[in-house]
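Secondary and tertiary structure notes
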Amino acid sequence: MTRGGSRKARHTMRDPETALADGVLVLLLATLAGCVGPGGEAVDAGPDVEVVCGPVAQDTGPPGRLIVMTEQYGSGGGVTIIDLETLEPSINVALTHDDVTARWYDGRIWILNRFGADNIMILDGQSYQLQKQFSVRPAASQVCNPHDLLFFDRCRAYLSCYEQARVYLLDPAAPLGDEIVGSIDLSSLADGDGIPEVSYMARVGGLVYLAVERLDRASGWSPVEPSYLAVVDPATDTLVGSMALAATNPVGPLVRVPSTEDLVVAAGGDWTGEGAGLLRIDTGAGTSELVLTSGDLGGLVSSFYLDSGGCGHAVVMAPQTYETALVRFCLDGTVAPCVPMGAHEMTAVALVHDGRLVVTDRAYLAPGIRIYDAATCEELTQEPIATGFSPGFSDPLLLVPARR
Amino acid sequence: MLARSPNGLGSSLLVAALLVAALVAGGVELRADPLDLRPVKVDAKRIEPGSPQAEDTAFSTSVDATRAATEGGGVAEHLARSVGVQVRRSGGHGDFASVLIRGSSANQVGVFLDGIPLALGRGGIFDLSLVPLLSIARVDVFRGYLPAELGSEGIGGGINLVPGAAPARPRTRLSMGVGSFDLVQVGASRSARRGPLRYALSLGFSRATNDFSFFSDNDTPYQLGDDRWLRRKNNESLLFSGLGWARWRVSRDLRITFLQSLFYKEKGLPGPGAVQALSTRLQALHEVFDVKLEQRRFLVPSMSAMLRVNVQYSRDRLEDPQGELPTGAKRQSDTSVSLGAIGRLSFAPHDPQIISLIPEWRYEQYAGRDPGRELPSARRYRFGLALRDRIALGEDLATLTPVVRADLLYSDVSGSRNGLEPLRNSFDWFLSPRLGGRVRLWRGLELRGNVGRYFRPPSLLELFGNRGTALGNPDLVPEVGTSGDLGMILRLRRRGRALERLLIEAVFFARDSQNLIQWVQNSQRTAVAMNISRALALGGELSGAVWLRLHSQLRARLSTNYTLLHTQNRSGKPLLDGNRLPGRPLHELNGRADLVWRKDRWGVGIHWSVTYISHSFLDEANAFLPVPQRALHEVGLVVRPWLRGVTLAATFKNVANLRVERVAAPAFTGLRRIPRALMDYGGYPLPGWEVFVNATWSFDDPRGEQKGSAHHARP
């Protein structure tokens, strides 16, 4: 099955009032200069992209590029690409919304423009040219705030909308306006305001697990106990269960513990540090445990990764001062300092295959990426690699294969 | 726009009186007749010792509010056509608009009602849409300079809203207008004199649905296939205003003035973007009560004194029952109370020189309420003292006015930030020297220049936050701006038979603003105010007007102004540093042509105006929302039929119905140009063409001139 990814359209929409008004006014005021109104020919972005539905082979090679999603609050954001070999940045290869994250799939970059934009942009993974932009609003009057995208194949994905009580089934290759092909109702997991705050997703053992934060929007976004992990069967696209979590407010990606079916997620608690930390979830047993508290780690977890040994690094933020630090931790409870509190304004960390850590730094006058040796915490960069705008707060890093 | 007064004091007195006439309310009678193209004049015998006429070096503009009201629109809309003023609107009647002067930010422009500061300490910005044109007589814009009585918190300058004066005869004025988007506007005013008492009262009401259609790109700017036309929802506005004053001349040298104003507004808030909020609403209330005592011959004949005390109350209530706003607040109420006093003691050792001492004291308290959380309450005390010396040389050949003002501010807050730690207090002091000069080069040609240092203290919100997404920073220091201008004014009168008057003004200006406060996001959920930025603005203003007598019954006025404004972000932040500041176009041109025919009681007038801007951006990054160029046209018709005192007016705005702009698309999209709704703020579309029809009935009581009037307007 082949579907076009875009189409050319003649932009001829006319508001009836415009047509009448223009006619009258042009007749009466024919000597005045000015624009006549919208019209003319316009072309939708990007070439027609043939998409063949079906699964995509996993990228097995080491990552060669770092994608950094940057944000300039109130203006917009950008996509900056850093070559991991040369460390040369390509700043703003694309422009985005100022609340944004990205995914890599099928050799393409999928930009989730979040709150206030509600759309997905697909970029060619080599040329960074825009292939398609489409809205993910469930209806014209409904907002989405797309938080995560989980792919099954080229024509099937799950989309979590933070402002809705549903997870949406997406066919990105469908004609414009038909990308949302279904939904899964999660309203049974919502708190009193009717919105469950569905965020990140992960596939484990044939099921899809979704973080349900449950925040009361009427009282300062305070968490409502319990938070959940929703369980969806992708074979039937239905909610088949849920797990009450041992901590509230699961923010950030669901990270799989290597060689297990456990997931780890950062729990934000009530944002003060109480009841926050790293939560380990046994998807098989349906249980969860706060394996490291924010007190153990030194702050609220903004970002973390796990290596094959069940250890990793985490960016933590002190809730009182908003200062950040980088710590080394293991799921058995050991924690060691790496970059001291207040040294930089860090938001995210990722591990490159060769033992380097990439860490974001939002320093006002010199935002960028710093690189450390993961084993020794020695900084390998003398100054941040410039990213143009500041790296974003939420899930701004993506490691992808090198450019061909 | 003034001719020389008959008694030979020179145009400087006339300019000074216009500039600061609000502080001697009643000194100016305005031409409220839309068919009268002649400039406003003031007849003043001499400089009153201690009067604000002492500062006559500023470059300023006056907008006749009464005449402007017949054309529809609000204060901000009409200020947008003034030289050196930039306005950003959010769309529709009663919309919030920010007014910038010479590229300043909105909170760097002081807003005053008859000299009373209106922008209280909590947020630092006053919503000009609260004050309808019907309730005032004139708007004075001080560009880059503030008279000492107006304080020092005007890095960009100041806007003074001037109440109406009491004319020679008691006057009643009724006005009713209807317009596009269900706009209804009614107003009534009454002004009179009765012996030693003068008074004026104006009431106004307006409402509109503002349900204009607008172009929507569905928030997918690079996908043209889902673009469509939508209609603005939840954008209704309702405005009520009442403003009255009474002046009692107790004796030949003592008079007392009372002023009471009430402004109320309800406004739907549809928000930005294609998905409009349907239930969010804002209610705003602002009340002012002021008492002013003015005493001439205070203690000695050459000394005068003035003391005014005022109380202000403002309340903003935001309701969001469906949680459509990202803040999550369902119902939030902010209340501010202010108590202030300002005095002036002036001594005129000899006639052209006036030395003034101007103390000011003000107390402000702010409290916020949100059922879901505890909000901080904050207070601010401020004390200011200014010393001004107006030195005149020759027969008013030149004046020099040095001013130095010192301000002390103390702010504190109750409670704690996010319940985690107690907040600290904040103490600031600031010294703002100013110097203005004026030289009359020869008849009709004048050279002026001003230089001054101004500041903007951090608002209470910036200092102490709101216990939600906005984190306070008690360590903030005031923004500081040093500005200067130099220019000339040329006035010619009755040159030839056809040319009645000519006015040309050319000014160069520059301003360097430092320690600018910006909100910097420091976590996913919060932003903190920081002194982080710096900006430069420089440019030129060129304005001119010519009055032509084409025939005994036919007159024309052609006026134009051009502002060249180069602004530059000097923050040092990558991709922002060196950029143009948003909403400040490099080029702005306003032009207007009026043609009026009058015979006996009959009269017909038509006007055409155009506003052109280019080279602007709506975003700091100068990358997302360019505004290449834009031209908006307006035409109007005024008719005075045989009915005495009745004037009918119709105004057609944005006659070309410009609602879509085509802007350059980023290279990565593969598109050349993309359509976008006409807007001043991202996500807030502006309406297309509108019509406003107004009927005004104005009549003077046939009882003749009242005794006790000290100021008259004469043709």
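Just so you know, these numbers come straight off a predicted model, no measurement behind them.

Digging into the overall build of chain B
A tally of regular secondary structure across chain B gives four helices and 38 strands. Counting across all 715 residues of chain B, residues that qualify as buried make up 55%. Within chain B, residue pairs in contact and separated by at least 24 positions form 66% of the contacts whose partners lie at least 6 positions apart.

Let's talk about the overall build of chain A
Scanning chain A from N- to C-terminus turns up two helices and 33 strands. Looking at the 404 residues of chain A, the share that counts as buried comes to 51%.

Looking at the pairing of strand β2 (residues 85-89) of chain B
All names here are of chain B. For β2, the tally of buried residues reaches five of five residues, placing the bulk of the element in the interior. Of the two faces of β2, the one holding V85, V87 and R89 and the one holding Q86 and R88 are both buried throughout. Of the pairings in the sheet, the one linking β2 to strand β3 (residues 97-101) comprises five bridges and is antiparallel in character. By the bridge assignment, V85 is partnered in β3 with I101.

Let's talk about the sheet that holds strand β30 (residues 368-373) of chain A
Residue and element names in this part refer to chain A. Here four strands make up an open sheet; going across it, the order is β28-β29-β30-β31 and the pairing antiparallel. What marks the edges here is a single partner per strand, and that holds for β28 (349-351) and β31 (385-386). Looking at chain direction, β30 and β31 are connected through two bridges and run antiparallel. When the sheet's bridge partners are listed, G368 is paired in β31 with A386.

Points about the sheet that holds strand β15 (residues 207-212) of chain A
Residue and element names in this part refer to chain A. Taken in spatial order, the four strands make up an open sheet running β14-β15-β18-β19, and their pairing is antiparallel. Since the sheet does not close on itself, it has two edges, and those belong to β14 (198-204) and β19 (238-244), each with one partner. Going from strand to strand, the sheet's axes swing by 25 degrees on average, the running direction of each strand aside. Note: strand β18 (residues 228-233) against β19, six bridges, orientation antiparallel. Paired with D233 across the two strands is T238, which belongs to β19.

So, the environment of G670 of chain B
Within the secondary structure layout, G670 of chain B lies in the loop between β34 (660-664) and β35 (673-677). When the C-alpha positions of G670 of chain B and E360 of chain B are compared, they lie 60 Å apart, and in sequence the two are 310 residues distant.

Considering the nonpolar core
I67, I111, L210 and L229 of chain A are the most contacted members of the largest nonpolar core, which has 131 residues in total. Membership of the second largest hydrophobic core comes to 57 residues, among which are V85, A97, L120 and A200 of chain B.

Thoughts on the confidence of the model for chain A
In the predicted model, chain A carries a mean pLDDT of 89, and 88% of its residues have values of at least 70. Segment residues 1-42 of chain A: pLDDT under 50, and 72 contacts once partners within four positions in sequence are set aside and those in other chains are kept.

As for the environment of R297 of chain B
Residue and element names in this part refer to chain B. Counting through the fold element by element, R297 comes out in the loop between β15 (281-295) and β16 (303-319). A tally of 15 C-beta atoms within 10 Å means that R297 is categorised as partly exposed. The spacing of R297 and L503 is 206 residues in sequence and 37 Å in space, taken between C-alpha atoms.

A closer look at the confidence of the model for chain B
Residues and elements named next belong to chain B. Looking at chain B, pLDDT values average 86 and 87% of them are 70 or higher. For chain B, per-element mean pLDDT is lowest for helix α1 (residues 11-20), which scores 32, and highest for strand β11 (residues 213-216), which scores 97. Within the model, the stretch residues 41-52 combines pLDDT values under 50 with 40 contacts to residues more than four positions away or in other chains. Segment residues 704-715: pLDDT under 50, and 23 contacts once partners within four positions in sequence are set aside and those in other chains are kept. Prediction confidence for the complex, expressed as pTM and ipTM, is 0.88 and 0.88 respectively.

Details of unusual backbone geometry
In this model, E225 of chain A is joined to P226 of chain A through a cis peptide bond whose omega is -10 degrees. The backbone of N210 of chain B sits at a positive phi, close to 50 degrees, despite the residue not being glycine. Residue position: N210 of chain B is located in the loop between β10 (197-208) and β11. Exposure remark for N210 of chain B: the 24 C-beta atoms within 10 Å place this residue in the buried category. For N622 of chain B, which is not a glycine, the phi torsion comes out positive at approximately 55 degrees. Assignment of secondary structure puts N622 of chain B in the loop between β31 (602-617) and β32 (626-640).

Section: the environment of L243 of chain B
Checked against the element boundaries, L243 of chain B lands in strand β13 (residues 237-249). As a C-alpha pair, L243 of chain B and L575 of chain B span 332 residues in sequence and 47 Å in three-dimensional space.

About the thresholds
Residues numbered from 1 in each chain as written. Chains lettered and ligands numbered in written order. Predicted model: local features only at pLDDT ≥ 70, side-chain atom pairs only at ≥ 80, totals over all residues. Helix = DSSP H or I, 4+ residues; strand = E, 2+ residues; numbered from the N terminus. Buried ≥ 20, exposed ≤ 12 C-beta atoms within 10 Å, placed from the backbone. Contact = placed C-beta atoms within 7 Å. Pairing = 2+ DSSP bridges. Axes fitted to C-alpha atoms, helices over the stretch in contact; angles between N-to-C directions. Core = buried A, V, L, I, M, F, W, Y, C linked by C-beta atoms within 7 Å. pLDDT = per-residue confidence, 0-100.

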